[in-house]
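For reference, the chains in residue letters:
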Amino acid sequence: LRHELVESLSPIADAIEDPPLFVSKRKLSTIHGCEARYSADQTVDFEWSVPIARGTVAHKAIEILVARRGQPTALDLAHDAMDRLELDERDLGAFIRSLDEGQRAELVGQVNDYIATFLDTFPPLRRQWVPVAESRARAELCDDRIALSGMVDLSLGRARGNQAGKVLIDLKTGRPHPSHIDDLRFYALLETLKIGTPPRLLVSYYLDAGEPRREVVTEDLLWSTAKRTVDAVAKMVEIDLGRRDPTRTPSGACRFCPIQTTCAEGTQYLDQADD
């Protein structure tokens, strides 16, 4: 699998002007969704908001739950997550420190709701399940010119030699979307490249509904994900180097696009959807 990836990516990697090219699940989803939005994302500074921070804080709270002894309440976990993230000197820490008392309470309340749902609907995490939160995986390819990277919210179990045994779980704080399963498939590819044995199961766990949606990992799934990744990298390099204009593919994601007001296709799509 690694050999085929390198063989396919090597001609593309030679054109990368400022290596490494970092490839994440967000970049994959964006480039395959709308190339114009991908291009815009490269030039627009990211800004935190309460809805965006909510998911990150909820994930941090569950990370604390996995490692913490005893039986903390959802509210305890929400406050602990906020306190730890607030100490971070990066953007999120600065954003949390900028919140007034009301905004902070709103964010804690929303995270408390999600964690309470997780505690109510998810089985207690037993140590023998080998739970790991925020597990990172990375693959350096083509003489480190391309870096595939990702972080799984929660994993359970472990591989036993060549026998798959790990379950990768992505915790979602919104509605189901087809891109969510693509995210998990990318994680499965990274996990396979990392340890040599694929996971056995992929699960999107929706905290709003307390509902898991699963997919069994197969060899075909890994090969198709590898091809999707190669296609994405080729598109990224073409657009980053200005070899062609990015295509525009309107969808519901146009509501959150940084160039929404200047994109005729996106504006027309949203107007029709509203009608």
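Everything discussed here concerns the structure shown above.
Residues numbered from 1 in each chain as written. Predicted model: local features only at pLDDT ≥ 70, side-chain atom pairs only at ≥ 80, totals over all residues. Heavy atoms only, no water.

Help me understand the layout of surface pockets in this model?
Over the atoms rolls a probe the size of a water molecule, and its path tells where empty space is left. What the second largest pocket holds in volume is close to 380 Å³. What lines the second largest pocket is a set of 15 residues, among which Leu65, Arg68, Gly70, Pro124 and Leu125 lie closest to the centre. Contributions of two or more residues to the lining of the second largest pocket are made by α4 (50-67) and α7 (101-121). Partitioning the lining of the second largest pocket into residue classes produces ten nonpolar, two polar and three charged. (1 Å grid on protein atoms, 1.4 Å probe; cavity = no way out; pocket = protein on both sides within 12 Å on 5 of 7 lines; lining within 4 Å. Points joined across faces, edges and corners; volume = space filled by probe spheres on them. Helix = DSSP H or I, 4+ residues; strand = E, 2+ residues; numbered from the N terminus. Nonpolar A, V, L, I, M, F, W, Y, C, P; charged D, E, K, R; others polar.)

Would you take a moment to explain the state of the cysteines for this structure?
Here, the word disulfide means a covalent bond between the sulfur atoms of two cysteines. Here the structure, examined in full by the defined rule, presents zero disulfides. Counting only cysteine sulfurs, cysteine 257 is the nearest neighbor of cysteine 34, a cysteine outside any disulfide, at a range of 6.2 Å. Cysteine 254 forms no disulfide, and the closest cysteine sulfur to it belongs to cysteine 263, at a distance of 6.1 Å. (Disulfide = S-S within 2.5 Å.)

Explanation requested: the side chain of arginine 104 in the structure shown.
Note on placement: arginine 104 falls in helix α7. In this structure, arginine 104 is in contact with Met82, Asp83, Glu86, Ile96 and Leu99, ignoring residues within four places of it in sequence. (Contact = heavy atoms within 4.5 Å.)

Hey, could you run me through the nonpolar core in this one?
Burial of nonpolar side chains together is a common tendency in soluble globular proteins. Residues Leu107, Val111, Ile115, Phe118 and Ile169 are the most contacted members of the largest nonpolar core, which totals 34 residues. Of all the elements in the fold, those that place two or more residues in this core are α4, α5 (74-86), α6 (91-98), α7, β3 (146-156), β4 (167-172) and β5 (201-206). Here this core takes eight residues from α4, the largest share from any one element. Ignoring anything within four residues of it in the chain, the contact list for isoleucine 169 reads Phe122, Val152, Asp153, Leu154, Leu156, Leu184, Val203 and Tyr205. Counting 28 residues, the second largest nonpolar core, distinct from the first, contains Leu5, Leu141, Ala226 and Val233. (Core = buried A, V, L, I, M, F, W, Y, C linked by side-chain atoms within 4.5 Å. Buried < 20%, exposed > 50% of the residue type's maximum accessible area, 1.4 Å probe, protein only.)

How should I be thinking about the pairing of β5 in this particular structure?
On any regular strand, side chains alternate: one points to one face of the sheet, the next to the other face. Counting buried residues along β5, six of its six residues qualify, which places the element largely inside the surrounding structure. Every second residue of β5 is oriented toward a common face, with Leu201, Val203 and Tyr205 on one face and Leu202, Ser204 and Tyr206 on the other, all of them buried. Judged from the six bridges that link them, β4 and β5 form a sheet pairing that is parallel. Opposite valine 167, over in β5, you have leucine 201 as the bridge partner. With respect to chirality, the unit in which β4 leads through helix α8 (residues 178-195) into the neighbouring parallel β5 is right-handed. When β5 meets strand β6 (residues 211-216), the two strands line up antiparallel, connected through six bridges. Paired with tyrosine 206 across the strands is glutamate 211, a residue of β6. (Pairing = 2+ DSSP bridges. Right-handed = clockwise from strand over helix to strand, strands pointing away.)

How should the packing of aromatic side chains be read in this particular structure?
Any aromatic ring pair is given by two values, namely how distant the centres are and how the planes are angled relative to each other. Within this structure, the stated rule accounts for four aromatic pairs. Seen from their ring centres, phenylalanine 46 and tryptophan 48 are 5.1 Å apart, and the 85° between their planes marks the pair as edge-to-face. Classification of tryptophan 48 by relative accessible area gives partly exposed; the value is 24%. Consider the rings of phenylalanine 118 and tyrosine 205, whose centres lie 6.2 Å apart with planes at 85°: the pair is edge-to-face. Taken together, the positions of phenylalanine 118 in helix α7 and tyrosine 205 in strand β5 put the pair 87 residues apart, joining distant regions of the chain. With respect to burial, phenylalanine 118 and tyrosine 205 carry one shared label: buried. (Phe/Tyr/Trp six-rings, centres within 6.5 Å; stacked < 30°, edge-to-face > 60°.)

Teacher, can you tell me more about the packing of α4 against α5 here?
Relative orientation and spacing of two packed helices are given, respectively, by the angle between their axes and the distance between those axes. Where α4 contacts α5, the axes come no closer than 8 Å and their chain directions differ by 110°. In terms of orientation, α4 lies roughly perpendicular with respect to α5. Packed against α4, whose contacting residues are Thr56, Val57, Lys60, Ala61, Ile64 and Leu65, the element α5 presents Leu77, Ala78, Asp80, Ala81, Met82, Arg84 and Leu85 at the interface. Looking at the contact of α4 with α5, its residues break down into nine nonpolar, one polar and three charged. (Axes fitted to C-alpha atoms, helices over the stretch in contact; angles between N-to-C directions. Parallel < 35°, antiparallel > 145°, perpendicular 65-115°, else oblique.)

It is not clear to me how the environment of glutamate 106 should be interpreted in this structure. Could you clarify?
Tracing the sequence through the fold places glutamate 106 in helix α7. Taking the relative accessible area as the measure of exposure, glutamate 106 reaches 41% and is therefore partly exposed. Here the alpha-carbon distance between glutamate 106 and isoleucine 146, two residues 40 residues apart in the chain, equals 40 Å.

Sorry, what's going on with the environment of glycine 70 here?
By the secondary structure assignment, glycine 70 is in the loop between α4 and α5. Between the C-alpha atom of glycine 70 and that of threonine 56, which follows or precedes it by 14 residues, the distance is 23 Å.

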